[in-house]
Amino acid sequence: MSEGRQTDPARGRFAVLQLVRLSGALLALLGAMIAGGKVGWLAGVPEAAGYALLAVGLADFFALPPLLARRWKSPD
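Residues numbered from 1 in each chain as written. Predicted model: local features only at pLDDT ≥ 70, side-chain atom pairs only at ≥ 80, totals over all residues. Heavy atoms only, no water.

Chemist: What is the right way to look at the overall build of the protein chain in this model?
Modeler: Across its full length, the protein chain holds three helices and zero strands. The order of helices and strands in the protein chain, counted from the N terminus, is α-α-α. At 18 Å, the protein chain has a C-alpha radius of gyration far larger than the 11 Å of a compact globule built from 76 residues. Relative to its 76 residues, the protein chain shows a buried fraction of 17%. In the protein chain, once contacts between residues fewer than 6 apart in sequence are set aside, the share between residues at least 24 apart is 58%. Accessible surface computed for the protein chain: about 6000 Å², of which carbon and sulfur atoms make up 65%. Taken together, the 8 basic and 5 acidic charged side chains of the protein chain have centroids lying 2 Å from each other. (Helix = DSSP H or I, 4+ residues; strand = E, 2+ residues; numbered from the N terminus. Rg over C-alpha atoms; globule rule 2.2 N^0.38 Å. Buried < 20%, exposed > 50% of the residue type's maximum accessible area, 1.4 Å probe, protein only. Contact = heavy atoms within 4.5 Å. Areas by Shrake-Rupley, 256 points an atom, 1.4 Å probe, with all protein chains shown as cover. Lys, Arg positive; Asp, Glu negative; His and termini not counted. Charge placed at Lys NZ, Arg CZ, Asp CG, Glu CD.)

Below, the structure is given as structure tokens:
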């Protein structure tokens, strides 16, 4: 059992997909908090920036993982 452990590229790709989804969710949450204007420590951030972050976060969460998965798909 002294063979070197071979890394499966699918494990790394899965981790990247999950991190992309997590970052999208966090961006969308932050954008919603800014756009709502109810969080005191975010009061100085313009509302338009909140909506922009929300849009980028939603695109990051919903659109980017399928695009990455399609790009990484192994040929049949």
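Structure's up, so let's keep going.
Chemist: Got a minute to help me understand a nonpolar patch on the surface in this structure?
Modeler: Side chains of Leu 19, Leu 22, Leu 26 and Leu 29 sit close together on the surface and give an oily, nonpolar patch of about 400 Å² of accessible area. Mapped onto the elements of the fold, Leu 19 is located in helix H1 (residues 9–36). You can call Leu 19 exposed: its relative accessible area is 56%. (Patch = residues over 30% accessible without salt bridge, like charges linked within 9 Å, V, L, I, M, F, W, Y side chains within 5 Å. Salt bridge = Lys/Arg side-chain N within 4 Å of Asp/Glu carboxyl O.)

Chemist: Would you mind going over the packing of H1 against helix H2 (residues 47–62) with me for this structure?
Modeler: The interhelical angle for the contact between H1 and H2, taken along N-to-C directions, is 160°, at an axis separation of 7 Å. Judged by the angle between their axes, H1 and H2 are roughly antiparallel. Judged by the sense of rotation from one axis to the other, the crossing of H1 with H2 is left-handed. Here Val 20, Arg 21, Ser 23, Gly 24, Ala 25, Leu 27, Ala 28, Leu 30, Gly 31, Ala 32, Ile 34 and Ala 35 of H1 come into contact with H2, specifically with Glu 47, Gly 50, Tyr 51, Leu 53, Leu 54, Val 56, Gly 57, Leu 58, Asp 60 and Phe 61. The residue inventory of the contact of H1 with H2, partitioned by class, reads 14 nonpolar, five polar and three charged. (Axes fitted to C-alpha atoms, helices over the stretch in contact; angles between N-to-C directions. Parallel < 35°, antiparallel > 145°, perpendicular 65-115°, else oblique. Left-handed = near helix turned anticlockwise from the far one by under 90°. Nonpolar A, V, L, I, M, F, W, Y, C, P; charged D, E, K, R; others polar.)

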